[in-house]
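Coordinates in review
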Amino acid sequence: MDRETRSHLHETPWVVTLPLVMLAIPSLLIGWFTVEPVLFGGFFGDSIVVDQGRDVLARMGEHWHGPMALFLHAWQTPVFWLAIAGLVTAWFLYLKRPDLPAAVREKADGLYNLLDRKYYFDDLYIKGFAAWGRNIGTFLWKRGDQFFIDGVLVNGTANSVGKLAGVMRHLQSGYLYTYAFAMIIGLTMFLGWLIWFR
Amino acid sequence: MSDYLLSTLIWLPIAGGVVLLAMGDDNDAASARANAMRWVALAVSVLTFIFSIGLYTGFDTTTAAMQFVERAPWVDAIDVWYYLGVDGLSAPLIILTTFITPLVVIAGWDVIRTRPAQYFAAFLILEGLMNGVFSALDGLLFYVFWEAMLVPMFLIIGVWGGARRVYATLKFFLYTFLGSVLMLVAFIYLYRVTGSFDLFGWMDAPLGLGAQKLIFIAFLLAFAVKVPMWPVHTWLPDAHVEAPTGGSVILAAIMLKMGGYGFVRLSLPIVPDGSNYFAGMMIALSLIAVVYIGFVALMQKDMKKLIAYSSIAHMGFVTLGFFIVWHMAGGSGAVLGVQGGMVQMVSHGLISGAMFLCVGVLYDRVHSRQIADYGGVANTMPVFAAFMVLFSMANAGLPGTSGFVGEFMVIVASFKANPWFAFFAATTLILGAAYTLWMVKRVIYGEVANENVAALQDLNRREFIVLGILAIAVLLVGLWPAPLVDMMNVTIEHLVEQAGQTKF
């Protein structure tokens, strides 16, 4: 982040903050009071029908003891503490010891890049799937449609008819002696076949 | 009136077209006479649409029998009848046709400067002929409408098309004509067997498996080209690119549906065993269309080509839905597949029509269809951008739009048939989103790319009306498909039953 961008950063004005606070309070309250009827109660009535024996929510409901119990139980789960650990790490690395990330980067280059490039998923999608999709598309279009179907099959048929006709037309010379000669040869062969092979 | 409703829907627009031709063209497109002709075209197409509403209000959804039937002898010597009627398969498609045509007329209002009367006449005549295809119940009558339909479309692309219009027109004509001629051969064979051209006679006629296979192939060549199915699809991108906007809209919205309609009206009930025999191949071709064409669409640089390829992929769903019937033990799954295919046809008609109109709006201003020539259009055309994003989302199959309904029904049905079918079909959810949204991103969003884009004017009232009506239709079918599905339900149950019965 450069100085210019940083100078634009500031807390939200009260016209933004106040509505956010006003939205936050009821969302907490609504969640607190509606979680039970919505998930395990009859809030939806007959609108949602779940196959007997596959009712996952009902099984979960057997362990449901109200929002307070849920709130207290959260402190005992690793998920909660992992989230807290994330917060603490971020605070430590970027607020407490901002010199550390650079040092970590020098020491563990590969790990840093792996995280910085989001496990290379974007590369997989952009250079992998998308690029290959485009390659396949180009291949099927140029080779499949344009070369094979239009070139070989469609125009190829037309061209071979043309070529065949180009050869065949030499038989039709228009000279009487050619036709007479062809008739004589044919007649000779026919007579020969009659005499020797019948 | 209702005794001759179908005839009205066929001949009213054709008569309107003939009147326009008789009035003759005015070379000054802004003259009072040219204006009068536009109003005639609009009035005729709107009137036709109003009449077609009678098909919906008067439709009996409890029977699979033909309704609004008209029957009169045409050629006694070979027992050809002027025999019309609709059921749940054809009535929605006729309403789609009469719904789209006025929009096309409005869209071409002051865009078409050369020979406007002939342009509008071609569309009106085309509308009547397409209604004829959807309502014909006599084989020869069907064939006549089917082939006659090519002529106005041939002219629309060939006269009002882009630079390579002659190439595209010939390709379009040769492809579709070649297929149709084989269909005629099959019709003649069926006539020889049954002694009539009555479609119901053909459905009841016993046919051996060998004959059924050959008839199926003959039908397939006619319908596969129209759908179009892979690998006979390459005429479509060329035809779309060269066609004027209105031509593209009708081509995508209605004419492609002819292929799908042919399968359900002729192939499935007349040669059920032949269809069954080739069902595996049809499913494979449908899935290739979905996956292969999806990838090809991704790489298109021309917006119209991209939408054309996307149409082929979406039509793959239609044929998939129709031919998975034999991969389940009948019942609701099979009905769902065919129903999904039919809903997809109607929905694709609305969405692809809207997408081509969106491209047309941009093309009228910048005279380019290249994606690279745009960027940041949302900055100068916010209202247009909102429409285009909506239709693109619908094209990608967003729930709440009509694009979702049909695709979802087909995917669910194909999952029942075989999870692998569903797996490949569902790739469209990724590929469809990828090619559509990538185009939207490059055309609509980002910085203003060049001075052409900077100078763009947002939609005028005429364009707003057309896109607005289509947006309402796309959302209506997406949020409340029940009226459409109810209309088709009984007919499709009957069709699935027919398809499941062996004929020898």
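About the thresholds
- Residues numbered from 1 in each chain as written.
- Chains lettered and ligands numbered in written order.
- Predicted model: local features only at pLDDT ≥ 70, side-chain atom pairs only at ≥ 80, totals over all residues.
- Heavy atoms only, no water.
- Helix = DSSP H or I, 4+ residues; strand = E, 2+ residues; numbered from the N terminus.
- Buried < 20%, exposed > 50% of the residue type's maximum accessible area, 1.4 Å probe, protein only.
- Phe/Tyr/Trp six-rings, centres within 6.5 Å; stacked < 30°, edge-to-face > 60°.
- Core = buried A, V, L, I, M, F, W, Y, C linked by side-chain atoms within 4.5 Å.
- Contact = heavy atoms within 4.5 Å.
- Axes fitted to C-alpha atoms, helices over the stretch in contact; angles between N-to-C directions.
- Nonpolar A, V, L, I, M, F, W, Y, C, P; charged D, E, K, R; others polar.
- Buried area = accessible area lost by both parts, 1.4 Å probe.
- Salt bridge = Lys/Arg side-chain N within 4 Å of Asp/Glu carboxyl O.
- pLDDT = per-residue confidence, 0-100.

1. A look at unusual backbone geometry
The omega angle of the peptide bond from Val227(B) to Pro228(B) is -20°, so this bond is cis rather than trans. The phi dihedral of Tyr120(A) falls on the positive side, at around 65°, and the residue is not glycine. Along the chain, the position of Tyr120(A) falls in the loop between helix 7 (109–116) and helix 8 (121–168). What makes Tyr120(A) partly exposed here is its relative accessible area of 35%. We note that His367(B) has phi near 60°; this positive angle belongs to a residue other than glycine.

2. Some words on the packing of aromatic side chains
Applying the stated criterion across every chain, the model contains 45 aromatic pairs over all chains. Here the aromatic rings of Phe43(A) and Phe44(A) are separated by 5.2 Å at their centres, their planes lie at 90°, and the arrangement is edge-to-face. For Phe43(A), a relative accessible area of 53% translates into the label exposed. A centroid spacing of 5.3 Å and a plane angle of 10° characterise the contact between Phe216(B) and Phe278(B), whose relative ring orientation is stacked.

3. A look at the nonpolar core
Residues and elements named next belong to chain B. Membership of the largest hydrophobic core comes to 199 residues, with the highest contact counts inside it found for Ile100 and Phe384. By residue number, the principal contributor to this core is helix 14 (residues 332–366), which donates 19 residues. Once residues lying within four places of it in the same chain are set aside, the contact partners of Ile100 are Val249, Ile250, Ala253, Ile254, Gly349, Leu350 and Leu470.

4. Concerning the packing of helix 11 (residues 245–270) of chain B against helix 21 (residues 482–500) of chain B
Residues and elements named next belong to chain B. For the pair helix 11 and helix 21, interaxial distance at closest approach is 8 Å and the crossing angle is 35°. For the pair formed by helix 11 and helix 21, the contact residues are Val264, Leu268 and Pro269 on the first element and Leu495, Gln498 and Ala499 on the second. Here the contact of helix 11 with helix 21 is composed, by residue class, of five nonpolar, one polar and no charged.

5. Considering the interface of chain A and chain B
With twelve residues of chain A in contact, the opposing surface of chain B contributes 16 residues. Between chain A and chain B the total buried area reaches about 1200 Å² when both faces are included, carbon and sulfur atoms providing 65% of it. Inspection of the region where chain A meets chain B yields one salt bridge. In this structure, Lys171(B) engages Asp150(A) in a salt bridge whose closest nitrogen and oxygen atoms are separated by 2.9 Å. Split into classes, the residues belonging to the side of chain A that touches chain B amount to five nonpolar, four polar and three charged.

6. Some thoughts on the confidence of the model for chain B
Any residue range with low pLDDT should be treated as having predicted coordinates unsuitable for detailed reading. Residues and elements named next belong to chain B. Per-residue confidence for chain B gives a mean pLDDT of 88; residues scoring 70 or more make up 98%. For chain B, per-element mean pLDDT is lowest for helix 19 (residues 451–454), which scores 83, and highest for helix 16 (residues 382–395), which scores 92. Overall fold confidence (pTM) sits at 0.83, and the ipTM for the predicted complex is 0.76.

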